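# Geometric and topological summary
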Amino acid sequence: AGMAAAFLMEIRRATQSALLVVRYAAAELPGAPLEVSVCADSLEVRSGGSRDAAALPPGVSLAPSSCRGLRHLRGDGLQLRVRLRRAPPAADVVFTLRESLKPNKNYIFYCQSCGDIVVSDRKFLRVLPLPSENWSDLVEEWCCHPDPFARRTLHPQHGDCFVGDTFFLLNSRNESHVPESSKSKENTRVICKRCKAMLGETVSSGTIKYYVTEVIIQSAEGSFSPTPRSQFVQSIVAQCLLELSSAKSTFRFTIKGDNGKTYILIWLLNSDTLLVESSGSSSSHSDFTLFGDILTPSSGPVGTWNALKVLYQPCIQSRNKELADAWEDDLGVHPLKFPSETCLELLLILGLSTTSLPPSLRCMNSFQVRNSFC
């Protein structure tokens, strides 16, 4: 029988080095002697009459003489480190959420969960960024007199779209999809008519907040293109982390629900990781599948993803309360607010990703490790 090996290569672009993990359908190595062969364009594992090869993405080659740290850990499989050669990546361009909207173009907002139209054929004359949600906490540091902005809120006009860290603010007057009860009640959840998912909340009688994790925005000339829920959530959250870390040199985040509770602490380690997953040459299905059915390669035996590496701690059921309280009081920690249900979804996505990693790579300084995809 084939070894049914699967290969996971984590490449740090900044250092041009890679950690390569070879996992098997069974947790143990084959009974026959094992031979590992590293060439410039391939890595092969042979045992008896079986052979598995790791496919490399285009433009990436290995430096065989740099291979070191080959070891087998029980339950992990084989691990080794090797230098790699690849063309210098193009200059990183941080995509921001507000770039998904342009003035003087018509857009449709869809419910991400079911595809129902939330905002129909709206043209924005202005697309403007909002200050960070915790900006008011810093006013005392900026001003020597009482807060001049206390109790003041920003209300978009009909042609405005205000963009926050995790939400869009729109004028909701004359929108038929907003229930009458929502227009007259402050801080009321806005629910999708079809699937009952939470989309946002009313900020005032004429302003509504839509969370970026709950709506898909597309040009009115196009058609709705569904995206798997888990893939969409992790991509949007990774985008938020990348944008904020680039713009504000912020690397620690609290994930809060709309109920005010803290669900997750996230520490961004790096944003220059390239993940490569190969199922090997065996025709049998490997039980090491990093993304399950959530993310799969578009074609061929190799899946390649740009990724952020994060550490995280769950805070549900009063877990890590002392650390969460310390982060709450730290101005260097940036809060991100999402619907409470989405926070739980994100926590599940993080947990599933962590359990797919080899046990020896799942934790770092009591934090759990996860690669988040952008």
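Residues numbered from 1 in each chain as written. Predicted model: local features only at pLDDT ≥ 70, side-chain atom pairs only at ≥ 80, totals over all residues. Heavy atoms only, no water.

Looking now at the sheet that holds strand β4 (residues 43-47). Strand pairing in a sheet is mediated by backbone hydrogen bonds. Such pairs are either parallel or antiparallel. Ordered in space as β3-β4-β5, the 3 strands form an open sheet in which the pairing is antiparallel. Here the strands that pair on one side only, and so sit at the sheet edges, are β3 (34-38) and β5 (50-54). Neighbour-to-neighbour, the strand axes of this sheet turn through a mean angle of 15°, independent of strand direction. (Pairing = 2+ DSSP bridges. Helix = DSSP H or I, 4+ residues; strand = E, 2+ residues; numbered from the N terminus. Axes fitted to C-alpha atoms, helices over the stretch in contact; angles between N-to-C directions.)

Before going further, it helps to examine the pairing of β3. Bridge analysis of β3 against β4 gives 5 bridges, and the strand direction is antiparallel. Residue pairing for β4: Ser 37 is matched across the bridge by Glu 44. Remark: 4 residues form the turn of the hairpin made by β3 and β4, two consecutive strands paired antiparallel.

This part takes up the nonpolar core. Core analysis: the biggest nonpolar cluster contains 46 residues, and Phe 109, Tyr 210 and Ile 264 have the highest contact counts within it. With 9 residues, the single largest contributor to this core is helix α3 (residues 229-248). Here this core gathers at least three residues from each of two domains, domain 2 (105-219) and domain 3 (229-270 + 307-373). (Core = buried A, V, L, I, M, F, W, Y, C linked by side-chain atoms within 4.5 Å. Buried < 20%, exposed > 50% of the residue type's maximum accessible area, 1.4 Å probe, protein only. Domains from an automatic or database assignment.)

With that settled, the discussion passes to the confidence of the model for the protein. Residues with a pLDDT of 70 or more make up 73% of the protein, whose mean pLDDT is 78. The lowest-confidence element of the protein is helix α2 (residues 180-184), averaging 44 in pLDDT; the highest-confidence one is strand β17 (residues 252-256), averaging 97. (pLDDT = per-residue confidence, 0-100.)

A few words now on the side chain of Ser 204. Locating Ser 204 in the fold gives a position in strand β14 (residues 198-204). By relative accessible area, Ser 204 is classed as buried at 14%. One polar contact links Ser 204 to His 155, side chain to side chain, over a distance of 3.4 Å. Of note is the side chain of Ser 204, whose polar atom sits 3.3 Å from the side chain of Thr 207. (Polar contact = N/O pair within 3.5 Å; in protein donor to acceptor, adjacent residues only side chain to side chain.)

Under the counting rule described, the total for this entry stands at 8 aromatic pairs. Seen from their ring centres, Tyr 110 and Phe 224 are 4.8 Å apart, and the 45° between their planes marks the pair as tilted. Remark: Phe 224 occurs in the loop between β16 (215-219) and α3 and Tyr 110 occurs in strand β8 (residues 106-111); sequence separation between them is 114 residues. The partly exposed category is assigned to Phe 224, whose relative accessible area is 24%. The structure contains a cluster of three or more aromatic residues connected by ring pairs, namely Tyr 107, Phe 109, Phe 124, Phe 168 and Tyr 210. Here Lys 209 stacks its cationic end above the ring of Phe 167, 4.7 Å away from the centre of that ring. Its guanidinium or amino end placed over the ring of Trp 267, Arg 252 lies 5.9 Å from that ring's centre, counting from NZ or CZ. (Phe/Tyr/Trp six-rings, centres within 6.5 Å; stacked < 30°, edge-to-face > 60°. Lys NZ or Arg CZ within 6 Å of the ring centre and 35° of its normal.)

Spatially, β10-β11-β12-β15-β14-β13 is the arrangement adopted by the 6 strands of the open sheet, whose pairing is mixed. Looking along the sheet, the strands with just one partner apiece sit at the ends: β10 (126-129) and β13 (189-191). Strand after strand, the sheet turns through a mean of 30° between neighbouring axes, direction not considered. Judged from the 5 bridges that link them, strand β12 (residues 167-171) and strand β15 (residues 207-211) form a sheet pairing that is antiparallel. Pairing of Asn 171 across the sheet is with Thr 207, part of β15.

With that settled, the discussion passes to a positive patch on the surface. A surface patch of like charges, here positive, comprises Arg 68, Arg 71, Arg 81 and Arg 83. Broken down by secondary-structure element, the contributors of at least two residues to the positive patch are β6 (60-73) and β7 (77-86). According to the relative accessible area criterion, Arg 81 is partly exposed, its value standing at 39%. (Patch = residues over 30% accessible without salt bridge, like charges linked within 9 Å, V, L, I, M, F, W, Y side chains within 5 Å. Areas by Shrake-Rupley, 256 points an atom, 1.4 Å probe, with all protein chains shown as cover. Salt bridge = Lys/Arg side-chain N within 4 Å of Asp/Glu carboxyl O. Lys, Arg positive; Asp, Glu negative; His and termini not counted. Charge placed at Lys NZ, Arg CZ, Asp CG, Glu CD.)

Right, let's get into the packing of α3 against helix α5 (residues 340-356). Two elements in contact, α3 and α5, have axes separated by 10 Å at closest approach and are oriented at 95°. By the angle between their directions, the pair α3 and α5 is classed as roughly perpendicular. Mapping the contact onto sequence places Arg 229, Ser 230, Val 233, Gln 234 and Val 237 in α3 and Thr 342, Glu 345, Leu 346 and Ile 349 in α5. Of the residues belonging to the contact of α3 with α5, the class tally is 4 nonpolar, 3 polar and 2 charged. (Parallel < 35°, antiparallel > 145°, perpendicular 65-115°, else oblique. Contact = heavy atoms within 4.5 Å. Nonpolar A, V, L, I, M, F, W, Y, C, P; charged D, E, K, R; others polar.)

The backbone phi angle of Asp 121 is positive, close to 45°, even though this residue is not glycine. By the secondary structure assignment, Asp 121 is in strand β9 (residues 117-123). A positive phi is found at Ser 249, a non-glycine position, where the angle reads about 50°. Structurally, Ser 249 can be placed in the loop between α3 and β17.

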